[in-house]
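Descriptive analysis of the structure
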Amino acid sequence: MPLDAQQSAIEMRGVNKWFGDFHVLKNIDLTVATGERVVICGPSGSGKSTVVRCINRLERHQKGSIHVHGAEVTDRPEDLGGDVGMVFQQFNLFPHLTVLQNLTLGPMKSRGLSRTEAEARARLYLERVRIPEQADKRPTHLSGGQQQRVAIARSLCMEPKVMLFDEPTSALDPEMISEVLDVMVELAEEGMTMIVVTHEMGFARKVADQMVFMDAGEIVETGPPAEFFAAPKSQRCQTFLSQILSH
Amino acid sequence: MRLFLAFAALMALTGCSSSTTWGWYVINPWTPSGWVNIKFLIGGMGSTILISLIAAFLSIVLGLLVALPGLSARWPLRLINRVYVEFVRAIPLLPMLFWVFYGLPIIFKSMGLNIPIDPFWGAIITLAISDSAFTAEIYRAGIQSIAKGQTEAAQTVGLNYIQTMRYVILPQAIRRILPPLANQFIYIVKMSAFASVIGMQELTRRANELVVTEYRPLEIYTLLILEYLVLVLIISAGVRWLERKMGSDERG
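What this report covers is the structure whose coordinates are included nearby. (Residues numbered from 1 in each chain as written. Chains lettered and ligands numbered in written order. Predicted model: local features only at pLDDT ≥ 70, side-chain atom pairs only at ≥ 80, totals over all residues. Heavy atoms only, no water.)

Quick word on unusual backbone geometry
Residue and element names in this part refer to chain A. Look at Arg 130: it is not a glycine, yet its phi comes out positive at around 65°. Tracing the backbone shows Arg 130 in the loop between helix H3 (115–128) and helix H4 (144–156). Under the relative-accessibility criterion, Arg 130 is labelled partly exposed at 40%. For Glu 159, which is not glycine, the phi dihedral falls at a positive 45°. With respect to the secondary-structure elements, Glu 159 resides in the loop between H4 and strand S7 (162–166). By relative accessible area, Glu 159 is classed as partly exposed at 43%. (Helix = DSSP H or I, 4+ residues; strand = E, 2+ residues; numbered from the N terminus. Buried < 20%, exposed > 50% of the residue type's maximum accessible area, 1.4 Å probe, protein only.)

A look at the sheet that holds strand S2 (residues 22–33) of chain A
Whether parallel or antiparallel, the strands of a sheet pair through hydrogen bonds between backbone atoms. Residue and element names in this part refer to chain A. Spatially, S2-S1-S4-S5 is the arrangement adopted by the 4 strands of the open sheet, whose pairing is antiparallel. Two strands close off the open sheet at either side, each with one partner strand: S2 and strand S5 (71–72). Strand direction decides the pairing type here: strand S1 (residues 8–19) and strand S4 (residues 63–68), joined by 5 bridges, are antiparallel. Each bridged residue has a counterpart across the sheet, and for Asn 16 the counterpart in S4 is Lys 63. Strand contacts of helix H1 (residues 48–55): S1, S2 and S4, with the helix running at about 120° to S1, the strand carrying the most contacts. (Pairing = 2+ DSSP bridges. Contact = heavy atoms within 4.5 Å. Axes fitted to C-alpha atoms, helices over the stretch in contact; angles between N-to-C directions.)

Side note on the sheet that holds strand S3 (residues 37–41) of chain A
All names here are of chain A. The strand order across the open sheet built from 6 strands is S6-S7-S8-S3-S9-S10, with neighbouring strands paired in mixed fashion. Both outer strands of the open sheet, strand S6 (84–87) and strand S10 (218–223), are each paired with one neighbouring strand and no more. Pairs of neighbouring strands in the sheet enclose a mean axial angle of 20°, with direction left out of account. Bridge count for S3 against strand S8 (residues 193–197) is 4 bridges, and the pairing is parallel. Across the sheet, the residue bridging to Ile 40 is Val 197, located in S8. Seen against the sheet, H4 touches S6 and S7 and runs at an angle of roughly 170° to S6.

Here we look at the packing of aromatic side chains
Taken as a whole, this structure holds 7 aromatic pairs over all chains when the rule is applied. Ring centres of A:Phe213 and A:Phe240 lie 5.3 Å apart, and the angle between their planes is 45°; this geometry places the pair in the tilted category. Taken together, the residues span a long stretch of sequence, with A:Phe213 in strand S9 (residues 210–215) and A:Phe240 in helix H8 (residues 235–245) at a distance of 27 residues. The residues A:Phe213 and A:Phe240 share a single accessibility class, namely buried. Aromatic pair B:Phe98 and B:Tyr102: ring centres 6.1 Å apart, planes at 40°, arrangement tilted. Of this pair, B:Phe98 and B:Tyr102 both sit in helix H5 (residues 93–110), 4 residues apart, which is roughly one turn of the helix. (Phe/Tyr/Trp six-rings, centres within 6.5 Å; stacked < 30°, edge-to-face > 60°.)

What about the nonpolar core?
All names here are of chain A. Among the nonpolar cores identified, the biggest contains 50 residues, and Ile 10, Met 12, Ile 40 and Ile 195 are the most heavily contacted of them. Discounting residues that sit within four places of it in the chain, Ile 195 has contacts with Ile 10, Val 32, Val 38, Ile 40, Val 52, Ile 55, Met 163, Leu 164 and Phe 165. Counting residues in hydrophobic clusters, the runner-up holds 48 residues, among them Ala 135, Ile 152, Met 184 and Ala 208. (Core = buried A, V, L, I, M, F, W, Y, C linked by side-chain atoms within 4.5 Å.)

A few points about the environment of B:Val88
Residue and element names in this part refer to chain B. Along the chain, Val 88 falls in helix H4 (residues 75–90). The exposure class of Val 88 is buried, given its relative accessible area of 5%. Considered as a pair, Val 88 and Phe 40 are 48 residues apart in the sequence and their alpha carbons are 35 Å apart. If sequence neighbours within four positions are ignored, Val 88 has contacts with Met 96, Ile 129, Ser 130 and Ala 133.

Quick look at the environment of B:Phe120
Residues and elements named next belong to chain B. Along the chain, Phe 120 falls in helix H6 (residues 119–144). Given a relative accessible area of 17%, Phe 120 falls into the buried group. Taking the C-alpha atoms as reference, Phe 120 lies 6.2 Å from Met 200; in sequence the two are 80 residues apart. Beyond its immediate stretch of four places on either side in the chain, Phe 120 contacts Leu 50, Ile 51, Ile 54 and Met 200.

Thoughts on the interface of chain A and chain B
With 24 residues of chain A in contact, the opposing surface of chain B contributes 22 residues. Note on chain A versus chain B: buried area summed over both sides is about 2,000 Å², and carbon and sulfur give 59% of it. At the boundary of chain A with chain B, the tally comes to 1 salt bridge. A:Arg53 is the partner of B:Glu152 in a salt bridge, and the nearest nitrogen-oxygen pair spans 2.6 Å. Our count for the chain A to chain B interface comes out at 8 residue pairs in polar contact (both at pLDDT 80 or more). Sorting the residues of the side of chain A that touches chain B by element identifies S6 and helix H2 (99–109) of chain A as the ones contributing at least two each. Ranked by the residues each element gives to the side of chain A that touches chain B, the list is headed by H2(A), at 3 residues. Looking at the side of chain A that touches chain B residue by residue, the class counts come to 10 nonpolar, 9 polar and 5 charged. (Buried area = accessible area lost by both parts, 1.4 Å probe. Salt bridge = Lys/Arg side-chain N within 4 Å of Asp/Glu carboxyl O. Polar contact = N/O pair within 3.5 Å; in protein donor to acceptor, adjacent residues only side chain to side chain. Nonpolar A, V, L, I, M, F, W, Y, C, P; charged D, E, K, R; others polar.)

Overview of the pattern of salt bridges
Pairs can form between side chains of opposite charge once their charged atoms are near each other. Taken as a whole, this structure holds 22 salt bridges over all chains when the rule is applied. Across the pair A:Arg128 and A:Glu190 runs a salt bridge, and its minimum N-O distance is 2.4 Å. Remark: A:Glu190 occurs in the loop between helix H5 (174–189) and S8 and A:Arg128 occurs in helix H3; sequence separation between them is 62 residues. Judged by relative accessible area, which is 30%, A:Arg128 ranks as partly exposed. Between B:Arg140 and B:Glu137 there is a salt bridge, with the nearest N and O atoms lying 3.3 Å from each other. Taken together, the residues B:Arg140 and B:Glu137, both in helix H6 and 3 residues apart, mark about one turn of the helix. Using a relative accessible area of 21% as the deciding quantity, one classes B:Arg140 as partly exposed. Accessibility expressed as a relative area gives 18% for B:Glu137, which makes it buried. Connected through salt bridges with shared partners, the residues B:Arg82, B:Glu86, B:Arg89, B:Glu137 and B:Arg140 form a single ionic network.

A short note on H2(A)
For H2(A), the tally of buried residues reaches 9 of 11 residues, placing the bulk of the element in the interior. Among all positions of H2(A), only A:Val99, A:Leu100, A:Asn102, A:Leu103, A:Thr104, A:Leu105, A:Gly106, A:Pro107 and A:Met108 are buried. Summarising the contacts, the buried residues of H2(A) are in contact with H3 and H4 of chain A together with helix H8 (161–191) of chain B.

Here you go:
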C-alpha cells in the first residue's frame, strides 16, 4: 500500500481497464484528499463513468490499484459496505418499496440498525434533501428531481465516507436540475468528499477543488477550476470546453 | 356449473339411445353402484393434489437453486446451470420415473443406505426434478428482466448477494415469474398421472382399476378427463386472483 494512501480518501494508481479489446481506462492516476471535491468532465465515452464505477467496484479494473481510505478495493462490491455512496444517472430507486423503505433497507440489513433507528435516520436525511413529506410514497409517484434527491438521501443514510455522483442531473428535466444541484452544493459545503461526473460547469466552478478532464480513457488535464476554465492547457480540453460553454 | 350442465346433457342424450355402446350407468350418481364408482374415482383426487403440491413446492425451491448459478458472472457456475437444465429437460418423464422408482433404491443400497422409495415419493421426486429445469429457466428470465441498476444500487447500500436477491430483485421479479410458474403447476398436475404406472392410487390409477373391473373405458376416462379439467380450472382461477392481487400492489 502506498504510504500516502493512508491520508487520502481515494488513491488510484496506474489503473487500466479493458472491455474486451477496448481499452477504456489508460493508466489512471487520481488522488482525492479527504473532504476534497473533484469534478470529472469529458466527452461521452471518455471513461469518466467507468472511473467512478471502478472506485465502488461496480466494474473491475485489470491493472493498477485503487485504495479507499487506505483499504484496497476487492472484487466484492459489498465489502465497501456502503462506505462509498453512489448516485446514479437513472436514480435506481427500488420501485417496490416506499421512499422510507428505500432509505432504511441498507442501514437495517447492512449496518444492523433497528427499524426505529433506521427510520429516524431516514427522516433526518429526507429533511435535509427537503422532501420529508414524501416518505410513504412510492418512488414512481415522485418527480425526477425528487427521485434523485431520495437517491442522495438513500446514500447518505449509510453515512458514507465518500460520495460518487455519476451524471446525477443528466436524466432530469431542466427545471429540476437546480433542486438536485442545491442539495449537492450543501453536501459539499459540509465537507463531504465527493467525486462528481457532470457537465454542469456552473456547479463545477462553485464547488470543485479539482477539475479532471478525461478523453479517450485518459486523464488529459487536471487543475483547480479557476485555471482550468480560464486557461485550459491542452487542445482537447479547450475544444471540449468551448463546445459545452458556447451555449 | 356450465360444465356440469354440458356433462348432464351429454349423459341424457346418450342415455336415450338404446345402443349398447353406451354405459353411463357405471358413473350414474343416482344409482347406488354408480355413486360408489364415482366416489372411488374422485377418491384419487387427494393424492393427485398432494403429489402435485409437494412436487411443485420442491420444484420452486430447486428451480431457484439451479437458476442462481446460471446468472453468475463466473462461467463454471453458469456451466453447472446449463448442464443441469439441458440434461433434465431432455429426459422424458416416464423413463425418469422408472429410473427413480426402480433404480434409485439400488444406488442407495450400494451406498449402504436403506432408503425405500414408495410410489408417493417416487412420483414427487421425479415430478420435482423434471419440472425444476423449467422453473429454473422461468426464474432466470424473470430475474434478468430486472434492470441491472437495481443490483448495483443494492450493492452500493452495502447489501450482499443474498440480501440483494431477497429484498430487491426477487420481490420485483416475482410478478413476472408467477404466471409462468402457475402454468408449470398445471403441467405438474397433468404429469402426475404418470404416477399411476408405479402403483400410486391417484386419479388415473383409480380410473384404470375401475376400467378393468367394469369394462367401460369411454365413460370412466371421460369422467377422468373432466376431473383433471375441473382441477386445472380451479388452479387457473386461483392464479388469476393472485395476479390481480399482486397487480394492485403496483410497480412503476
